[in-house]
Amino acid sequence: MSESKEFGINTTCVHVGEVKDEQFKGAVSPIYPSTSYAFDGVDIKRYPRYFNTPNQEMLHKKIAALEKTEDALIFGSGMAAISAALFAFLKKGDHVVIQQVIYGGTYNFIVSEFDKFGIEYSFTESDKIEDFKSLIKKNTKVLYIETPSNPLLGITDMKAISVLAKEYGILTVIDNTFASPINQNPIDFGIDIMLHSATKYMGGHSDISAGAIAASKVHIEQIWKTAINFGGNLSDQTVWLLERSLKTLNLRVKEQTKNAQEMAEYLEINKNVNAVYYPGLKNHPQYELAKKQMKGFGAMLSFELSDGIDAMEFQNNLQLIKPSMSLAGLESTTVSPTQTTHALLSEEERLERGIKGGLIRFSVGIEEVKDLIKDIEQAIKKAKG
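J.: Explain the packing of helix 3 (residues 78-89) against helix 4 (residues 104-113) to me, please; I cannot follow it from the model alone.
T.: In a packed pair of helices, the relevant descriptors are the angle between the two axes and the axis-to-axis distance. Remark: helix 3 packs on helix 4, axes separated minimally by 11 Å, with the N-to-C direction vectors making an angle of 45°. If you check the angle between helix 3 and helix 4, you find them oblique. Seen from above, helix 3 lies across helix 4 with right-handed handedness. Every residue of helix 4 that contacts helix 3 at Met79, Ile82, Ser83, Leu86 and Phe87 is listed here: Gly105, Thr106, Phe109 and Glu113.

J.: How should helix 14 (residues 369-384) be read in this particular structure?
T.: Because each turn of an α-helix spans 3.6 residues, side chains separated by three or four positions end up pointing in the same direction. Relative to the 22 Å expected for 16 residues at 1.5 Å per residue, helix 14 spans 23 Å between its end C-alpha atoms, a close match to the ideal helical length. For helix 14, every residue scored as buried is listed here: Val369, Leu372, Asp375, Ile376, Gln378, Ala379, Ile380 and Ala383. Next to the buried residues of helix 14 lie helix 10 (249-268), strand 9 (300-305), helix 12 (311-316) and strand 12 (359-363). Two residues or fewer past helix 14, Gly385 is found with a positive phi of approximately 75°.

J.: Any chance you could explain the nonpolar core here in plain terms?
T.: Nonpolar side chains tend toward joint burial in soluble globular proteins. Judged by nonpolar contacts, the single largest core of 74 residues is most densely connected at Leu301, Phe303, Phe314 and Ile376. If you tally residues by element for this core, the top one is helix 10, at seven residues. Excluding anything up to four places from it in sequence, Ile376 contacts Met263, Tyr266, Leu267, Phe314, Leu318, Ile321 and Phe362. Formed by 34 residues, the second largest nonpolar core is a distinct cluster that contains Phe75, Ala85, Tyr144 and Ile228.

J.: Explanation requested: the sheet that holds strand 12 in the structure shown.
T.: Within a sheet, neighbouring strands are paired by backbone hydrogen bonds and run either parallel or antiparallel to one another. If you walk across this open sheet you meet the five strands as 8-9-12-11-10, and the pairing is mixed. Edge strands, defined here as strands with exactly one partner in the open sheet, are strand 8 (273-277) and strand 10 (322-323). Two elements, strand 11 (residues 333-335) and strand 12, share three bridges in a ladder whose sense is antiparallel. Following the sheet pairing, Val335 is matched in strand 12 by Arg361.

Basis of the calculations
Residues numbered from 1 in each chain as written. Predicted model: local features only at pLDDT ≥ 70, side-chain atom pairs only at ≥ 80, totals over all residues. Heavy atoms only, no water. Axes fitted to C-alpha atoms, helices over the stretch in contact; angles between N-to-C directions. Helix = DSSP H or I, 4+ residues; strand = E, 2+ residues; numbered from the N terminus. Parallel < 35°, antiparallel > 145°, perpendicular 65-115°, else oblique. Left-handed = near helix turned anticlockwise from the far one by under 90°. Contact = heavy atoms within 4.5 Å. Expected span 1.5 Å × (residues − 1). Buried < 20%, exposed > 50% of the residue type's maximum accessible area, 1.4 Å probe, protein only. Core = buried A, V, L, I, M, F, W, Y, C linked by side-chain atoms within 4.5 Å. Pairing = 2+ DSSP bridges.

Structure follows, in structure tokens:
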């Protein structure tokens, strides 16, 4: 639907990229689960691994509309999207500069795989633009960022990164999972390629594993040529579920974001909490920057309990909030990054990134805030004995 730019965000979520049921006029998209399509006398030779089944093709349009890009691709996981995007633009002898604090799976992918292919990489010391500039070499091809970052909610200046990259003719890639397209559109600041673990906010119900890339048609075409060789396509049943989920993306994320702000403010004044990391708090070091480049501060935060309160004992005492591996579902969840997302890093590497053993990442859901507060207070009381 070319007129999608004129639509409001909820209309875009519901109507752009839906598959029309021309035969029965159903209100929702039909599923086309076939793995074999005609090859003669057709405009498109369709095959699931080529990312062009009817359901895949239309979902690309919805995600592109949400990220304000020309095109998009969907994958079987966030890591499938990340690996396809990076390998599409990097080859032996190339160099990439990567923000220091990123998702642990991305970090592990880079340090485990890039050396095998002769791809050079450098991690910044912080999210400051000076650190990126100092690492750029003649063979640097990509600047990779994540903002807000996982799990400390650091904010990177997207406009500054974009300007720097264009000065050197370098591609910019962002993991936009934590913000979602509702709270942030990096293309507005000149970023080239947007990545998502669609398992998270795009899926939103803790029942889908998926990844997404949004970019220009030229960049998507280049990524597609690599992606079809990796075989990371998404099944049409899951594509249909993801399209269903995206219809409520704005409603869900706005409610979660509102709740997260209230929870962060509550935790900030809780005497049993040492530190709270949330870009919507005025004491966050990048609060003003977050205000400039985010429409909302997001539904993710992290915090450290006071000394003497065991993080796992606290989480095991929660009754409403679920200690759980992933994030961004309708339900509120907590997780210990040292045991999950960043477990593959050494303790020294985690501490270098400010990830302490007692850090708890909190994905805020759509429950009433008063109920979440009550649950946290009873869990703290029990953990303190």
